[in-house]
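Residue-level structure breakdown
So the chains spell out like this:
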Amino acid sequence: MHKRTKIKIAVFVLLVGMACMFTAVVTDHWAVLSPQVEKLNDTCEAAHFGLWRLCKKHIYISSENYVEGHGCGPISLPGDENCTYFRHFTPGQDAEIFEYKTQKEYNISAAAVSIFSLAFTILGSLCLLGSCTGKGKGRDYLLKPAGMFFAFAGLCSFISLEVMRQSVKRMIESKDTIWIEYYYSWSFACACTGFILLFLTGIALLILSMPQMPRNPWETCMDAEPDQAE
């Protein structure tokens, strides 16, 4: 397969990865939390949240959708929903949501790291755009920083995912919280997909931008003819 064709495939995969990561950052279905159901034929309050806001949903639990030992939900059931943005940098806010201070710090960290991921993605996109519009050696030269930026974006995505995972785990394990059940939703899956595609394709783009390997044992990398991505 020609080198230029491989680069085009990598760019397409990167576009998919960027779309997945952007979707994950702006949506609020990273995790779904459920409290204990106290009684039937009454409403309970489940919640789902992302990096920026939390949505609480009042769900009516009847005998038809009640499962013994499970929490409130599923979240797909109809009900009134109320969403509020996190006040990350306002002291004393959102205490009723996170129950304790460290939970808020986890959420701030995940949101901040995701911003770094988007910043690296933008820088990588600019380098990739310059590579597509450039000519000669400048084209291949810009592929190297583009690959590095996308790989860094993938690493930041992974860190954000892990911080969010630890946040949810700490929340559930706390004795002070009302939540007894949780699962990760489609926004979390989008972030996982974005991490895999951005990191692996960034590494692949970096490899594709490297000088051509010598064809003969007595050749050196400097002696080998440059393989331009025309």
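Position numbers for residues count from 1 along each chain, tracking the sequence in the order it is written. In keeping with the predicted nature of the model, local features appear solely for residues at pLDDT of at least 70, side-chain atom pairs appear and are counted solely at 80 or more, and the whole-chain, interface and lining totals rest on all residues. Side-chain calculation: all heavy atoms of the structure are included, whereas hydrogens and water are not.

As named in an unreviewed UniProt entry, the chain is Voltage-dependent calcium channel gamma-1 subunit, taken from Seriola dumerili. UniProt positions are given in the numbering used here, feature names are shortened, and annotations may be inferred rather than shown by experiment. UniProt lists a comment for the chain under the heading Function (unreviewed entry), and it reads "Regulatory subunit of the voltage-gated calcium channel that gives rise to L-type calcium currents in skeletal muscle. Regulates channel inactivation kinetics." Of the chain, the UniProt comment under Sequence similarities (unreviewed entry) reads exactly: "Belongs to the PMP-22/EMP/MP20 family. CACNG subfamily."

Let's shift gears to the packing of aromatic side chains. Here the aromatic set is Phe, Tyr and Trp, taking the six-membered ring for Trp, and pairing holds for ring centres within 6.5 Å; pairs whose planes are under 30 degrees apart are stacked, those over 60 apart are edge-to-face, and all others are tilted. In this structure the tally under the stated criterion is seven aromatic pairs. Plain terms: the ring middles of Phe-158 and Phe-195 are 5.2 Å apart, the flat faces sit at 40° to each other, and that makes the pair tilted. Remark: Phe-195 occurs in helix H5 (residues 186-208) and Phe-158 occurs in helix H4 (residues 137-173); sequence separation between them is 37 residues. Ring geometry for Tyr-184 against Phe-188: centres 4.4 Å apart, planes inclined by 25°, an arrangement best described as stacked. Among the aromatic residues, those joined into a cluster by ring pairs are Trp-30, Tyr-182, Tyr-184 and Phe-188. By definition, any uninterrupted DSSP run of H or I lasting at least four residues is a helix, any uninterrupted run of E lasting at least two residues is a strand, and each is numbered from the N terminus.

All right, on to the UniProt feature "transmembrane region" (unreviewed entry) in the chain then. Look at the UniProt record and you will see "transmembrane region" (unreviewed entry) annotated at residues 7-26, 108-129, 141-163 and 183-208. Helix makes up 100% of residues 7-26 and strand 0%. Its end C-alpha atoms lie 28 Å apart. Counted over residues 141-163, helix gives 100% and strand 0%. Its end C-alpha atoms are 34 Å apart.

So, about the state of the cysteines. Two cysteine sulfur atoms form a disulfide, by the criterion used here, when they sit within 2.5 Å. Counted by the stated rule, this structure contains one disulfide. No disulfide involves Cys-20; its nearest neighbouring cysteine sulfur is the one of Cys-190, lying 5.3 Å away. Note on exposure labels: buried denotes an accessible area under 20% of the residue type's maximum, exposed denotes more than 50%, and partly exposed covers the range between, all computed with a 1.4 Å probe on protein chains only. With a relative accessible area of 16%, Cys-20 lands in the buried category.

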